[in-house]
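This is what each chain is made of:
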Amino acid sequence: MYELFQAILNSEEKTDIRQFLLTLDTTDKSYFLRNEILQAFADYCHQSQKPAYFYHSSSLGTLIHYTHEIILEKENTWFVVRPRIASQEVWKLTADFTKFELMTPKAFLDLRDRLVNRYQPHILEIDLHPFYQASPRVSDPRNIGQGLTFLNDYLCNQFATDPQYWLEILFQALQGIRYNGVRLLISDRIRCGTQFAKQIKPAIQFLSELPPDQDYPQFRFHLQKLGFEAGWGNNAARIRETLELLQRLIDTPQPSIIEAFIARIPAVFRVVLVSIHGWVAQEDVLGRDETLGQVIYVLEQARSLENKLQEEIKLAGLDFLGIKPHVIILTRLIPNCQGTFCGLRLEKVHNTENAWILRVPFTDSDPEITNNWISKFEIWPYLEKFAQDAEKELLAQFQGKPNLIIGNYSDGNLVASLLSSSLKVTQCNIAHSLEKPKNLFSNLYWQDLEDKYHFSAQFTADLISMNAADFIIASSYQEIVGTPDTMGQYESYKCFTMPQLYHVVDGIDLFNPKFNMVPPGVSETFFFPYSQTENRDPQERKEIENLLFQNDQNAHIIGRLDNFNKRPIFAVAPITSIKNLTGLVECFGKSQELQTQCNLILLTSKLYPDEATNDEEVKEIEKLHNIINEYKLQGKIRWIGTRLPSSKIGEAYRIIADKQGIYVHFALYEAFGRSILEAMISGLPTFATKFGGALEIMENWDSGFHLNPTDLEGTAKTILSFLDRCDTNPEYWQETSQWMIERIRHKYNWNLHTEKLLLLAKMFSFWNFIAPEDNDARDRYMETLFYLIYKPRAERILTQHQRPYAPI
């Protein structure tokens, strides 16, 4: 970047940057974000009659396109530039326009504190960089999120460099695998790595003389004499293949071999999925609006995990020992459960053999509070005691320790960290949607928002759990590091300030192999293509069709459609400002052509302000009503406000597809978007926000399906362009529909998700075994943050809760 800055200052463009900054200085603002900067620069180029190349290709144009923030001070101008993904630099241009200076994170965070008049000269600095210095790192930003591939390469290189040492390490790791204290894989007959390697060839020779399909119990005693216990395979052919992989790994280590070998090792039997703040239940409950997606996710993940673990145990030849997988969804027990099963301690997950919902109550506080559901923003004071109580319950339920703990969302991840630290168990984090990047400037103005959102506790919890985690699952690359134009969710924790609380000068290493992309699947029991008519229930189909188009005698419906034959535009979302249903309705209202060709159908959970559970919902519902009235959309829009189970939502997608409609996901930002997967696999051509993970879901298809939710006119044109193509070429809708179906089936399915998740768990458990010293100091640092920052912040919330008449 230094050369670029010098090119500007040593040319005529020095005058241009001065004049451009003067135009910004006339706006009575001091802080400018990327979109504002680009628009202001475009205006400057137009007004100054610059040639077309200047906007994109001049030195100043290049700098502006790298710039994400500009901050004007009386004496200096600060540029926050992002020359490449996952790399941010802060440069200061002096008032006399003679010098650019590269600034430290501390200087930049001090500046931000001054902007909000909350600067203090001495403040706690959180720096996690030292704990990652000795760790292997991904070098190419394009490979961020592919930690498993990186570790495979790294370990193979280590094997090749010092084979004798790594053979011994591998032997010790395999020898330590047990189930309920029973040795698997290697018996105590084998004493060291060298002896282990010598025993492989005679075992392979013995197995090659057996019928390939001969079951393991028939020859187990011979293998035991050689030092091999159960777990290598279920028959002679499978065991021979596994041992041959091991032999090849020892002789000629290669990434594909180590991955194939590790995948076969039975090391995971008991798994905990932590999901705390929602109504975690089944049937028609499935969480509140703020947690609906998370609850569906963990239920489907639990089913998939059990199925995959059953398959692995059988293929490893361990089922004859009576070994079965055990999966627990850990959540909180809510005594005032409003007629749901959320007050039931233990509930079996439907369509599983040994997957359960275990509910543990919040204790040691006012029952008037802890007996009720508590918002995700208020839950922080109860998590430490919950983790302690949950540990006892889990050990009793499993009759042993779990092998893997998976956290969900900020609160679940913190509890996963506490459990993992206490039990010494591999920890996985899943966030999908972090509040900090979702709420612009929430860290800078945290004190103003503290009474309502308690971001100081939440952001500290995020820092603790994401650094304590052994590995982190992201649904998309953008979730980690964003795009060239936007910052990723995890990237937003790299450097930030909480004025008068602390500075984070380096909060997370984005190049660490702990980051892995493992997109979720979608339940094909409920969500499948509209063309699979044999799987559709005619009665349910009729019921949902009436709900979507015809049934007017329903208190949960607003609007009737004057013309059923118009192509339907369908949207399914909770009513929040970030989901932006108001923007979609306004876009429809402003486009007469869209209204001529289409009906708009909304499926939410609420219709009226008195049904809302918070102020944001009230405002969004009122705004929706006002827009419908303002644009006189009666007869063209149907708004359904009722909670439907997954089977009926799936049929709703299919009915819209029957009528060759489209699905629109118009969120201002969406980390991933479960409903996008559901709509696509149902066969609906799907348009989705370009801000977030949807860019990757549809990355190989026509870019015309990405929408800018802040550009209503452009959105209408994009949708109309698709409709025109369908009218011109009737097969185009069908081609798009089929591509959407195949895309989800081949990339976003639960079998692939679970296969990679378990492989990651095994690989990072092995990594922890060979490099435990790398984590010890980091974990002590996390404990310090927990007890000195998080816990006092959480206790303040508890004090508020215990005040007379305080809102819950």
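Residues numbered from 1 in each chain as written. Predicted model: local features only at pLDDT ≥ 70, side-chain atom pairs only at ≥ 80, totals over all residues. Heavy atoms only, no water.

## A closer look at the overall build of the chain
Within the chain, the secondary structure is distributed over 31 helices and 25 strands. By the compact-globule yardstick of 28 Å for 808 residues, the chain fits well, its C-alpha radius of gyration being 29 Å. Across its three principal directions, the C-alpha atoms of the chain cover 85 × 70 × 65 Å. The proportion of buried residues among the 808 residues of the chain is 59%. (Helix = DSSP H or I, 4+ residues; strand = E, 2+ residues; numbered from the N terminus. Rg over C-alpha atoms; globule rule 2.2 N^0.38 Å. Buried < 20%, exposed > 50% of the residue type's maximum accessible area, 1.4 Å probe, protein only.)

## Looking at unusual backbone geometry
The phi dihedral of F97 is positive, around 60 degrees, even though this residue is not glycine. Secondary-structure assignment places F97 in the loop between β4 (87-93) and β5 (100-102). Exposure remark for F97: the relative accessible area of 11% places this residue in the buried category. For H454, which is not glycine, the phi torsion reads 55 degrees and is therefore positive. Relative to the helices and strands, H454 resides in the loop between α18 (446-453) and α19 (455-468).

## Quick notes on the pattern of salt bridges
Applying the stated criterion across every chain, the model contains 42 salt bridges. Between E69 and R112 there is a salt bridge, and its shortest N-O distance comes to 2.6 Å. With E69 in strand β2 (residues 67-72) and R112 in helix α6 (residues 105-115), this pair connects stretches of sequence that are 43 residues apart. Overall, E69 belongs to the buried group, its relative accessible area being 11%. Given a relative accessible area of 10%, R112 falls into the buried group. Across the salt bridge formed by E651 and R654, the nearest N and O atoms sit 3.0 Å from each other. Pair noted here: E651 and R654 are both in helix α25 (residues 646-658), with a separation of three residues, about one helical turn. The exposure class assigned to E651 is buried, which follows from its relative accessible area of 1%. By relative accessible area, R654 is classed as buried at 2%. Sharing partners across several salt bridges, the network here consists of R536, R541, E651, R654 and D658. (Salt bridge = Lys/Arg side-chain N within 4 Å of Asp/Glu carboxyl O.)

## Examining the pairing of strand β12 (residues 355-361)
For β12, the buried fraction is high: five of the seven residues fall into the buried class. In this structure, strand β11 (residues 346-348) lies alongside β12, joined through three bridges in antiparallel fashion. What sits directly across from K348, in β12, is W356. Linking β11 back to β12 in an antiparallel pair, the connection comprises six residues, with N351 at a positive phi of about 65 degrees. (Pairing = 2+ DSSP bridges.)

## Examining the UniProt feature "domain: Sucrose synthase EPBD" (unreviewed entry) in the chain
Per the UniProt annotation, the sites labelled "domain: Sucrose synthase EPBD" (unreviewed entry) are residues 146-234. Between the C-alpha atoms that bound residues 146-234 the distance is 31 Å, and the span itself is 56% helix and 4% strand. (UniProt positions renumbered as here; feature names shortened; annotations may be inferred.)

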